[in-house]
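Listed below are the residues making up each chain.
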Amino acid sequence: KTLNFCLLVLLTLLLSGCDSTTVATPVPTTITIAGSTAMRRPLQELTAAFSRQHPDVLFVLRGGGSTIGEELARTRQVDIGASTLFPPQPASDQPTPTPDGLVRVPIGLDGLALIVHPSNSVDELSLVQLQAIFSGSVLDWLALGSDAGEIQLVSREDGSGARILFEDRVMGDEHVSLTAVVMPTSADVVEYVSKNPAAIGYVSRAEVTEWIADDSGADSQAATPTALAAGAVVAATPDAGLPPQVKVLRVEGRLPLRAALRSQEYALIQPMYLITNGPASGRVRQFLDFALSPAGQAIVSRYAAPIR
């Protein structure tokens, strides 16, 4: 009886000890990213994949454009700024501080895609022709061999990295015509052009990957057999889940394929940066490392040319 009593006491103590043991719950972390809308799609996938590995990390993604993203990072109003602007000094493939105090981590190379409605017979334009079109010197598609009618220009808002690159590389000293429709995001430009047969706009490559010939492991500029003229691939159907259909034009003879971006043979290339004010730490540092990891770069490669 004494032995049974001792065993009962011991068991009670053990159970009591187990009841008092608690498992520490990780403190939730929220990371805010703002800036380039051109980086929206890869960032959505990168953050979702990271959160699956780290359920305690939540992300808040905001747009606003590259200029705003850099400013919010500089003033520490966000944890990470997303930008496609070229830095004040030449960038390397390593995160380095620049004269503005920001640390830019390159994760990929994007390209501006020139898009028109699929019914437009124009397949290719030169930089000179693009300048004439967007400055208003050429007003009708007829001058370019198309019967689409009077040209409808679609541009981006101030502060957009895409607009800054387009004005620098294409417009030069010329100004985009005041008749241009101004859209806040690349996705809005795609939507507008898909519904207007006379429209032409410029967007991030990430928004039109479905309409560019697959270039995995090849330098070929040839589209797949199902491609529409220059670069639109796969006929969209109501249930396909694809974005609005557009046609991607060749610029100076080339499509914005990943191979052309890596070799810098495409005329309109822009970097993709994740920016912090000073060296990152904690979960932010882990997310930046993930974006540069093989898994992260595989995600980036769906939309742009990976940096690694």
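Small disclaimer: the values here were computed from a predicted structure and weren't measured.

Definitions and cut-offs
Residues numbered from 1 in each chain as written. Predicted model: local features only at pLDDT ≥ 70, side-chain atom pairs only at ≥ 80, totals over all residues. Heavy atoms only, no water. Helix = DSSP H or I, 4+ residues; strand = E, 2+ residues; numbered from the N terminus. Buried < 20%, exposed > 50% of the residue type's maximum accessible area, 1.4 Å probe, protein only. Areas by Shrake-Rupley, 256 points an atom, 1.4 Å probe, with all protein chains shown as cover. pLDDT = per-residue confidence, 0-100. Contact = heavy atoms within 4.5 Å. Pairing = 2+ DSSP bridges. Salt bridge = Lys/Arg side-chain N within 4 Å of Asp/Glu carboxyl O. Arc of directions from axis to C-beta. Core = buried A, V, L, I, M, F, W, Y, C linked by side-chain atoms within 4.5 Å. Polar contact = N/O pair within 3.5 Å; in protein donor to acceptor, adjacent residues only side chain to side chain.

Visitor: Would you take a moment to explain the overall build of the protein chain for this structure?
Guide: Helix and strand content of the protein chain: 9 helices and 13 strands. Counting only residues that meet the buried cut, the protein chain has 48% of its 308 residues in that class. When the accessible surface of the protein chain is totalled, it reaches about 14600 Å², and 56% of it is carbon and sulfur.

Visitor: Would you mind showing me how to read the confidence of the model for the protein chain here?
Guide: Keep in mind that low pLDDT regions are not for reading the predicted coordinates in detail. Summing up the model confidence of the protein chain, the mean pLDDT is 85 and the portion of residues at 70 or higher is 77%. Counting contacts from residues 7–11, a segment whose pLDDT is below 50, to residues more than four positions away or on other chains yields 0 contacts. Within the model, the stretch residues 217–240 combines pLDDT values under 50 with 55 contacts to residues more than four positions away or in other chains.

Visitor: Would you mind going over the pairing of strand 12 (residues 269–277) with me for this structure?
Guide: On a regular strand, one side chain projects to one face of the sheet and the next to the other, so that they alternate. Counting buried positions over the 9 residues of strand 12 gives 8, a clear majority of the element. Across 3 bridges, strand 3 (residues 80–83) lies against strand 12 in antiparallel orientation. Paired with Gly81 across the bridge in strand 12 is Ile275. One ladder, built from 9 bridges, connects strand 5 (residues 102–116) with strand 12; its direction is antiparallel. Bridge pairing links Val103 to Thr276 in strand 12.

Visitor: Where do I start with the pattern of salt bridges in this structure?
Guide: Counted according to the given criterion, the structure contains 13 salt bridges. With a closest N to O distance of 2.7 Å, Glu210 and Arg41 form a salt bridge. Note that Glu210 is positioned in the loop between strand 9 (199–204) and strand 10 (247–248) and Arg41 in helix 2 (residues 40–53), a separation of 169 residues in sequence. Residue Arg41 is classed as buried on the basis of its relative accessible area, which comes to 15%. Asp168 serves as the salt-bridge partner of Arg169, at 3.8 Å between the closest nitrogen and oxygen. Given the relative accessible area of 36%, Arg169 is considered partly exposed. Residue class for Asp168 comes out exposed when judged on its relative accessible area of 56%.

Visitor: Would you take a moment to explain helix 4 (residues 127–135) for this structure?
Guide: Helical geometry: 3.6 residues make up each α-helical turn, so side chains three or four residues apart lie on a common side. All of the buried residues along helix 4 are Leu130, Ile133 and Phe134. When helix 4 is viewed along its axis, its buried side chains cluster within an angular range of 85 degrees and face the same direction. Buried residues along helix 4 sit in contact with strand 5, strand 6 (124–125), strand 7 (152–156), helix 5 (161–171), strand 9 and strand 11 (250–251). Gly136 sits one or two positions beyond helix 4 and adopts a positive phi of about 95 degrees.

Visitor: What's the story with the nonpolar core in this structure? I'm lost.
Guide: Note on soluble globular proteins: their nonpolar side chains tend to be buried together. Core analysis: the largest hydrophobic core is formed by 31 residues, its most contacted members being Leu114, Leu130, Ile133, Phe134, Phe166 and Ile200. Every element with two or more residues in this core is listed here: strand 5, helix 4, helix 5, strand 9 and helix 7 (258–262). With 5 residues, the single largest contributor to this core is helix 5.

Visitor: Teacher, can you tell me more about the side chain of Gln297 here?
Guide: Of note, Gln297 is situated in helix 9 (residues 294–300). Residues contacting Gln297, with those up to four places away along its chain left out, are Ile107, Ala291, Leu292, Pro306, Ile307 and Arg308.

Visitor: What am I meant to see in the side chain of Gln270 here?
Guide: Mapped onto the secondary structure, Gln270 falls in strand 12. Residue classification places Gln270 among the buried residues on the basis of a relative accessible area of 0%. Here Thr84 takes part through its side chain, which lies 3.4 Å from a polar atom of the side chain of Gln270. Apart from the residues lying within four places of it in its own chain, the contact partners of Gln270 are Ala38, Thr84, Phe86, Leu109, Asp110, Leu112, Gly161, Ala162 and Leu165.

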